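The primary structure of each chain is shown beneath.
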Amino acid sequence: MGVQIKGGNNSAGLANVTSTYDLQVVTPTVVDDAGFAHMSSQIDDGTVLGTPTSIPSEVSDDYRLRVGQDQTMFNLAFEGTNQASSVLQFNTAAYTIAQASGFVTLNSSNTAVASSVAAVRSYRMFPLFGTYPTYCEMWLREANYDATFAISEWGLFHLASTTSIIAPTDGVFFRRLASGNLRAIASFGGIETPVDIDTTNVPPRDEVGSYAPTEVSHYLIVIHNDVARFWINDVLVASIPCPSSQPSLASASQAPLHFRTYVPAGSNAGAAKKIEVAWVNVSQGDMNTNKPWGHAMVGGGGGSYQVQPGTASLTLPITANYVVNAAPAAMTLSNTALPAATYASLGGQYQFTVPATAAETDFIMFSYQNPIGSATLPGKTLYITAVRIGEAVVTTILSAHYHYLQWGIGANATSLTLATVSDTATTTAYRRVTLGGQGFLVSAPVGTTSPGFQVDFSSAPLICAPGNFVTVIMRDISNAATATGAIRGNVTIIGYFE
């Protein structure tokens, strides 16, 4: 049944209608009579899905509207089977940890004995900056989550030792009790403020059925100096205000990302409790840090000196030719092949016998193939922000010829060889940039040193795509077929993976 509304001519108790038949509405100006207006953003008008979809705007606990100022500090997925031991520490006692199918599994051996533990923590600590929230989020699922005597925890917290089987000494985190109940915890130096979480009305991540710990869910902790809030699948499930007797929710202003499952001493668990973690992220909210993106990537473990998560080898990119207490391998100079296997790196030490050739020739000094992306290995772009050519020193007297070492770098080629100088439909050649040079006079004796130098690319980095090569190039301009002698030095490539 329709209700007919006519203009009330400003009479008391009657609504007014405009000349275009729109109802005139003014929100109450008396506070006690005021309702509220809901602000949201429509991301779909229903053209495709059939019904409009809106997402509410989000405000932090310090009343700041989130407008894209968040800064990621750590982000990691678990592709493949190789554990990211360059950024995470894996600790076990009786339990084991394995990685496969997009998950890192704590208690992969399905053990239930007492005094067992599997714990994974980040080497990096994450700061809590007063009124600026820290976001800690994890996508995970559990198996045998209600196993008796077994406990699981995930969030930002400290342990008394790497394989501790007692409660965390400090931090803010989720805890799955032996009964299967879920609890939010804020621990100030071991003094816990717990809140039980009722998951009855928590939706599943895919919005089908109901929430189940055995399905992957998105767990988020927002830590503010005055309150910690706990979310599951975008639903607020618990809040812990800072107790008035404490200066903050956690005693330490820095804590590692941590997740673990364990059985305390005394009794075996009723079943093998497991945590399977699929993705983790820690970010800083509200604060306009003005931190360069490269700094954020390096802080998350993406420095060019780091092992990239998912790679099979734990050899660092620059250490292959920087072995402790050992000279670098002798080089066989070539423009189509590595001078030796250990020169497949992002710089390091080198030593070579000067080439005896009358023709100018470019030589491969170091070359690194950026790991190609796949379903089991994250493909990342290498950004080169600087190259340092270190001091070069004569180690065997040079013959009666001068030597000038002209340095360059080539980036983003699909093959190692320097002979390819143009692109095709399926390949790309090196993008070559000259760096500078080092000179030695005729018959330079042992110990003669030529200064090093650094070239900065921070304003316009060189890039190398996944699967492609970056190569340090040297040309010895002596034009001497009878040259003899040896030179030693070092090269450093500075950058980050994104």
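In the block above lies the structure referred to throughout.
Residues numbered from 1 in each chain as written. Predicted model: local features only at pLDDT ≥ 70, side-chain atom pairs only at ≥ 80, totals over all residues. Heavy atoms only, no water.

Trainee: Quick question: what am I supposed to make of the overall build of the protein here?
Mentor: Scanning the protein from N- to C-terminus turns up 1 helix and 28 strands. Its C-alpha atoms give the protein a radius of gyration of 31 Å, more than 25% over the compact-globule value 23 Å for 498 residues. Each of the three principal axes of the protein carries a C-alpha extent, and together these read 105 × 75 × 45 Å. Going through the 498 residues of the protein one by one, you find that 45% of them count as buried. For the protein, the exposed surface amounts to about 23600 Å²; the carbon and sulfur share of it is 55%. Here the protein carries 21 positive and 32 negative side-chain charges, and the mean point of each set is 8 Å from the other. (Helix = DSSP H or I, 4+ residues; strand = E, 2+ residues; numbered from the N terminus. Rg over C-alpha atoms; globule rule 2.2 N^0.38 Å. Buried < 20%, exposed > 50% of the residue type's maximum accessible area, 1.4 Å probe, protein only. Areas by Shrake-Rupley, 256 points an atom, 1.4 Å probe, with all protein chains shown as cover. Lys, Arg positive; Asp, Glu negative; His and termini not counted. Charge placed at Lys NZ, Arg CZ, Asp CG, Glu CD.)

Trainee: Would you mind going over the pairing of strand 20 (residues 382–389) with me for this structure?
Mentor: Note on strand geometry: in a regular strand, side chains alternate between the two faces of the sheet. The element strand 20 is largely enclosed, with a buried count of 6 among its 8 residues. Pairing geometry for strand 20 and strand 28 (residues 486–497), over 7 bridges, is antiparallel. Across the sheet, Ile389 pairs through a bridge with Val491, a residue of strand 28. The sheet contact formed by strand 20 and strand 25 (residues 453–456) spans 4 bridges and is antiparallel. Residue pairing across strands places Arg388 opposite Gln454, the latter belonging to strand 25. (Pairing = 2+ DSSP bridges.)

Trainee: Just checking my understanding: could you explain the sheet that holds strand 16 (residues 254–263) for this structure?
Mentor: Hydrogen bonding along the main chain pairs the strands of a sheet, whether they run parallel or antiparallel. Overall, antiparallel pairing links the 7 strands, which are arranged 4-7-16-9-10-11-12 in an open sheet. Either end of the sheet is taken by a strand with one partner, and the two such strands are strand 4 (88–93) and strand 12 (191–197). Going from strand to strand, the sheet's axes swing by 15° on average, the running direction of each strand aside. Inspection of the sheet shows strand 9 (residues 151–158) paired to strand 16 by 6 bridges, in the antiparallel sense. Bridge assignment links Gly155 to a residue of strand 16, and that residue is His258. (Axes fitted to C-alpha atoms, helices over the stretch in contact; angles between N-to-C directions.)

Trainee: Is there a simple way to think about the state of the cysteines in this case?
Mentor: Summed over all chains, the structure comprises 0 disulfides. Unpaired in this structure, Cys136 has its nearest cysteine sulfur neighbour in Cys242, at a distance of 18 Å. Judged by its relative accessible area of 1%, Cys136 is buried. (Disulfide = S-S within 2.5 Å.)

Trainee: For this particular structure, what's the right way to read the sheet that holds strand 19 (residues 362–369)?
Mentor: Overall, antiparallel pairing links the 4 strands, which are arranged 19-27-22-23 in an open sheet. In this open sheet, the two strands that pair with only one neighbour each are strand 19 and strand 23 (431–440). Ignoring which end each strand starts from, the neighbouring axes of this sheet average 20° apart.

Trainee: So what exactly am I meant to see when it comes to unusual backbone geometry here?
Mentor: Leaving glycine out, the prevailing phi sign among residues is negative, and the prevailing peptide bond configuration is trans. You will see that Phe149, though not glycine, has its phi angle at about 70°, which is positive. Counting through the fold element by element, Phe149 comes out in the loop between strand 8 (134–143) and strand 9. Owing to a relative accessible area of 46%, Phe149 belongs among the partly exposed residues under this scheme. The backbone of Ser443 shows a phi angle near 60°, a positive value even though the residue is not glycine. Locating Ser443 in the fold gives a position in the loop between strand 23 and strand 24 (449–450).

Trainee: Is there a simple way to think about the pattern of salt bridges in this case?
Mentor: Pairing between side chains becomes possible if they bear opposite charge and their charged atoms approach one another. By the definition in use, this model includes 10 salt bridges. In this structure, Glu391 engages Arg388 in a salt bridge whose closest nitrogen and oxygen atoms are separated by 2.8 Å. The residue Arg431 makes a salt bridge to Asp423 at a minimum N-O spacing of 2.8 Å. (Salt bridge = Lys/Arg side-chain N within 4 Å of Asp/Glu carboxyl O.)

Trainee: So what exactly am I meant to see when it comes to the nonpolar core here?
Mentor: One broad trend across soluble globular proteins is that nonpolar side chains are buried collectively. Membership of the largest hydrophobic core comes to 49 residues, with the highest contact counts inside it found for Phe74, Trp154, Phe174, Phe230, Leu257, Phe259 and Val280. Every residue in contact with Phe230, bar those within four places of it in the chain, is listed here: Val172, Phe173, Phe174, Ala184, Ile185, Leu220, Ile221, Val235, Leu236, Val237, Ala238 and Ile240. Counting 39 residues, the second largest nonpolar core, distinct from the first, contains Phe366, Ile409, Phe457 and Phe497. (Core = buried A, V, L, I, M, F, W, Y, C linked by side-chain atoms within 4.5 Å. Contact = heavy atoms within 4.5 Å.)

Trainee: When you look at the packing of aromatic side chains in this model, what are you seeing that I'm missing?
Mentor: Aromatic ring pairs: the centre-centre distance and the angle between the two ring planes describe each pair. By the definition in use, this model includes 11 aromatic pairs. On the numbers, 5.5 Å between centres and 55° between planes, the contact of Tyr350 with Trp407 is tilted. Residue Tyr350 is found in strand 18 (residues 347–353), and its partner Trp407 is found in strand 22 (residues 403–413); the two are separated by 57 residues along the sequence. Judged by relative accessible area, which is 0%, Tyr350 ranks as buried. The class of Trp407 is buried, set by a relative accessible area of 1%. Through pairs of rings, three or more aromatic residues link up here, namely Trp154, Phe174, Tyr219 and Phe230. Here the basic side chain of Arg141 rests over the ring of Phe103, its NZ or CZ set 4.0 Å away from the ring centre. Over the ring of Tyr262 we find Arg260, and its NZ or CZ is 4.0 Å from the ring centre. (Phe/Tyr/Trp six-rings, centres within 6.5 Å; stacked < 30°, edge-to-face > 60°. Lys NZ or Arg CZ within 6 Å of the ring centre and 35° of its normal.)

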